[in-house]
Amino acid sequence: PIADHTDIFEPYFGVAHGLQFESAAALYGIAHHRPTNLAHLTELLTKAHESPSPVVIEVLTSREQNAQEHRRLQQLVASWLD
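Source: prediction; values computed, not measured.

S.K.: Could you clarify how one ought to interpret the overall build of the protein chain in this entry?
M.R.: A count of helical and extended segments in the protein chain gives 4 helices and 2 strands. Listed N to C, the secondary structure of the protein chain is α-α-β-α-β-α in terms of helices and strands. For the protein chain, whose C-alpha radius of gyration is 17 Å, the value lies well above the compact-globule estimate of 12 Å for 82 residues. For the protein chain, the C-alpha atoms occupy an extent of roughly 45 × 35 × 20 Å along the three principal directions. Out of the 82 residues belonging to the protein chain, those deemed buried represent 11%. For the protein chain, restricting intrachain contacts to residue pairs at least 6 apart in sequence, the fraction spanning at least 24 positions comes to 51%. Separation between the mean location of the 5 positive side-chain charges and that of the 10 negative ones in the protein chain comes to 3 Å.

S.K.: Just to check I follow, could you spell out the packing of aromatic side chains for this structure?
M.R.: The relation between two aromatic rings is expressed through the spacing of the ring centres and the mutual angle of the planes. Scanning the entire structure with this criterion turns up 1 aromatic pair. Ring plane angle 15 degrees and centroid distance 6.2 Å describe the contact between Phe9 and Phe13, whose orientation is recorded as stacked. Placement of the pair is Phe9 and Phe13 together in helix 1 (residues 6–14), with a separation of 4 residues, close to one helical turn.

Conventions and cut-offs
- Residues numbered from 1 in each chain as written.
- Predicted model: local features only at pLDDT ≥ 70, side-chain atom pairs only at ≥ 80, totals over all residues.
- Heavy atoms only, no water.
- Helix = DSSP H or I, 4+ residues; strand = E, 2+ residues; numbered from the N terminus.
- Rg over C-alpha atoms; globule rule 2.2 N^0.38 Å.
- Buried < 20%, exposed > 50% of the residue type's maximum accessible area, 1.4 Å probe, protein only.
- Contact = heavy atoms within 4.5 Å.
- Lys, Arg positive; Asp, Glu negative; His and termini not counted.
- Charge placed at Lys NZ, Arg CZ, Asp CG, Glu CD.
- Phe/Tyr/Trp six-rings, centres within 6.5 Å; stacked < 30°, edge-to-face > 60°.

Have a look at this one:
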């Protein structure tokens, strides 16, 4: 995976912008939420689905944890296919 090559990944694929979406959502009068756990995310997604108004749900993640989770899922799927 490209994430294993940090010398290439960070400058060309990571492209961290350091911005958050709260201000942009406020600019347009759109509700903004930043869940801190899976239960809160699930609750927000359910409410957003039921709402007639737009909602921004900003999920902050760790690149390292994300790459580890992808590897774990790939291994799990491969084991199911064997």
